[in-house]
Amino acid sequence: MPMSIDSIIARIGGADATARLTGVGTEAIRKWRQAQAIPSRHWPAIAQATGLSLQDLQPTPAVTDRPSPLAGGSQTGSSMPQARPDGATAALVLADGSVLWGKGFGAFTPKPAIGEICFSTSMTGYQETLTDPSFAGQIITFTFPHIGNVGTNALDDEAVRPAALGLVVKEDPTEQANWRATSSLDAWLKQHGTPGIAGVDTRSLTLKIRDGGAQTAALVFPADGKFDLDAIAAEVAAWPGLEGMDLAKEVTCAAPYDWSEGVWSWPDNTAAPTGKRRKVVAVDYGAKRNILRCLVSAGCDVTVVPATTTGEQILALKPEGVFLSNGPGDPAATATYAVPAIRTVLEAGIPLFGICLGHQLLAQALGAKTYKMERGHRGANQPVQDLATGKVEITSQNHGFAVDAKTLPDDAHVTHVSLFDGSNEGLASDKYAAFSVQYHPEASPGPSDSFYLFERFVTLIDTNGVKH
């Protein structure tokens, strides 16, 4: 008799062990549980590891024949209301069949905004979060209820436009009340074509994501007020998920450019400090502007290049150091063109520093592997320990993939770990002048616990750099 998917996964050793055995991410394991079926191409590996027969791995008829959660307007397995409440102008449709109604704001959606639903615990910086290119392909649930209080202004943008597909909040955004504001959040979202939904029980939604893992969702705010929930549910089911997606190409710059602004300080605003300068090439997989500012303030002259720039093209710019930026998507997908370039830089002896996606790509270039996390880390209160000093940093993070520390080669070592779940937060090579961290040292939630990393990079250049 066929076994349940949960029983099979438990027999292998859990979701992480199953993901490693089959070469997929834990997000795929979640979808197997949701569908109560394992793709047949994985049956041989599972059968060999567990001793089960192929018949044991086949889905039961009751599972394969079950109706769609939204079929006929029913709300199978969910307490969320399907019927549209009075005053509701927007909806959030989840892959598990839940429908969360609310009040739309920002831009209307000509078609549903479909992506991975996630949550951020940050209490400030909603504009920086929405414009962080690392959030491409995602809809953000803000756990802090009061979003919009300080409005928006051009200086707080981390990129030219918002990368997030939309946002989910509990309370209606208020009018701005800050001397720096030049626009309300609602007007800013309209300007950039980004939708939002308010009035959602974000606590319940956050618990759903926390306990069940990230899932696909659609944010719908139609101008005509019409909702075809069955059609939307079908689109949600068809969305492939972030695993296997290379989104760096979608958010990277179109051509190289120079960056000269430093971190804002009184009274010189963003003027670069005087003193010795080091020529750094920053590879833009979705770079945040404040990262570039931190590099400048640490003593670097920065040239930003597109994600697909080859190692030979990077070396032709004669850098003293190379920086690998943050970015969205699956690092394994971006690695197809990024890893050869990174290896060329490493072999040339150029000091290298990576952040977030750059950290994951450096790990892959060194021979390690990455995996899809069940929940990911997003927010500004993430404790990370520096293993060399024992110091704990309060960090800002946004990542749904992580480096598998067990796959690091013998000539590399772990430098930082998460105190939430023990996952990898940093590494360094013993063979090359290269190191990286998973979190965002430029975001300054500590507020400046992690700026030493930029200074460490500069020191690495000064002591190990190749002079041209």
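Sequence order as written defines the numbering, with residues in each chain counted from 1. Thresholds applied to this predicted model are a pLDDT of at least 70 for local features of residues and 80 or more for the giving and counting of side-chain atom pairs; totals over whole chains, interfaces and linings are not thresholded and use all residues. To get the side-chain values, all heavy atoms of the structure are used, and hydrogens and water are removed first.

Participant: Can you tell me about the pattern of salt bridges, naming the residues and giving the values?
Facilitator: Criterion for a salt bridge: a side-chain nitrogen of Lys or Arg within 4 Å of a carboxyl oxygen of Asp or Glu. All told, the structure shown has 14 salt bridges when counted by the stated rule. The residue Glu116 makes a salt bridge to Arg378 at a minimum N-O spacing of 3.6 Å. Of this pair, Glu116 sits in strand S3 (residues 113-120) while Arg378 sits in strand S13 (residues 369-386), and the two are 262 residues apart along the sequence. A relative accessible area of 3% places Glu116 in the buried class. With relative accessibility at 5%, the residue Arg378 sits in the buried group. Linking Glu442 and Lys288 is a salt bridge whose minimum nitrogen-to-oxygen distance equals 2.8 Å. Starting at the N terminus, helices and strands are each numbered in turn, a helix being any DSSP run of H or I of at least four residues and a strand any DSSP run of E of at least two. The rule is simple: take the accessible area with a 1.4 Å probe, protein chains only, and divide by the maximum for that residue type; under 20% is buried, over 50% is exposed, in between is partly exposed.

Participant: Can you tell me about the packing of aromatic side chains, naming the residues and giving the values?
Facilitator: One pair of aromatic rings is described through two measures. These are the centre distance and the angle between the planes. Stacked, edge-to-face and tilted are the three classes for Phe, Tyr and Trp ring pairs, Trp counted by its six-membered ring, which pair at centre distances within 6.5 Å; planes under 30 degrees apart are stacked, over 60 edge-to-face, the rest tilted. In the structure shown here, the tally under the stated rule is seven aromatic pairs. Relative to Phe227, the ring of Trp101 has its centre 5.0 Å away and its plane inclined at 80 degrees; by these criteria the two rings are edge-to-face. One end of the pair, Trp101, is in strand S2 (residues 99-106); the other, Phe227, is in the loop between strand S7 (215-220) and helix H9 (229-238), with 126 residues separating them in the sequence. As far as the burial class goes, Trp101 and Phe227 line up, both buried. Seen from their ring centres, Phe353 and Phe435 are 4.6 Å apart, and the 20 degrees between their planes marks the pair as stacked.

Participant: Let's hear about the packing of helix H13 (residues 331-347) against helix H14 (residues 357-366): which residues, and what values?
Facilitator: Where H13 meets H14, the axes come as close as 8 Å, and the angle between the chain directions of the two elements is 70 degrees. The angle between H13 and H14 places the two elements in the roughly perpendicular class. Considering the relative orientation of H13 and H14, their crossing is right-handed. On the side of H13, the interface is formed by Pro331, Ala332, Thr334, Ala335, Ala338, Val339, Ile342, Arg343 and Leu346, while H14 contributes Leu357, Gln360, Leu361, Leu362, Gln364, Ala365 and Leu366. Only Asp, Glu, Lys and Arg are considered charged, only Ala, Val, Leu, Ile, Met, Phe, Trp, Tyr, Cys and Pro nonpolar, and every remaining residue, Gly among them, polar. Taken together, the residues of the contact of H13 with H14 sort by class into twelve nonpolar, three polar and one charged. Fitted lines through C-alpha atoms serve as axes, helices being fitted only where they are in contact, and the angles separating the N-to-C directions of these axes extend from 0 to 180 degrees. With respect to orientation, any angle under 35 degrees is reported as roughly parallel, any angle over 145 as roughly antiparallel, any angle of 65 to 115 as roughly perpendicular, and every other angle as oblique. For any helix crossing, the convention is left-handed if the near helix is rotated counterclockwise from the far helix by under a right angle, and right-handed if that rotation is clockwise. Contacts between residues were defined by any pair of non-hydrogen atoms, one from each residue, lying within 4.5 Å.

Participant: Could you give an account of the layout of surface pockets, with specific residues and numbers?
Facilitator: Residues are said to line a cavity or pocket when one of their atoms sits within 4 Å of a point; the points come from a 1 Å grid over protein atoms alone, cavities being sets where a 1.4 Å probe fits but cannot get out and pockets being open sets with protein on both sides within 12 Å along at least five of seven lines. Grid points are joined across faces, edges and corners, and a volume is the space filled by probe spheres set on the points. Looking at the largest pocket, its volume works out to about 1300 Å³. Of the residues contributing to the lining of the largest pocket, the split by class is 16 nonpolar, 22 polar and eleven charged. In this document the domain limits rely on a domain assignment from an automatic tool or a database. A domain split of the lining of the largest pocket shows at least three residues from each of domain 2 (88-240) and domain 3 (246-463).

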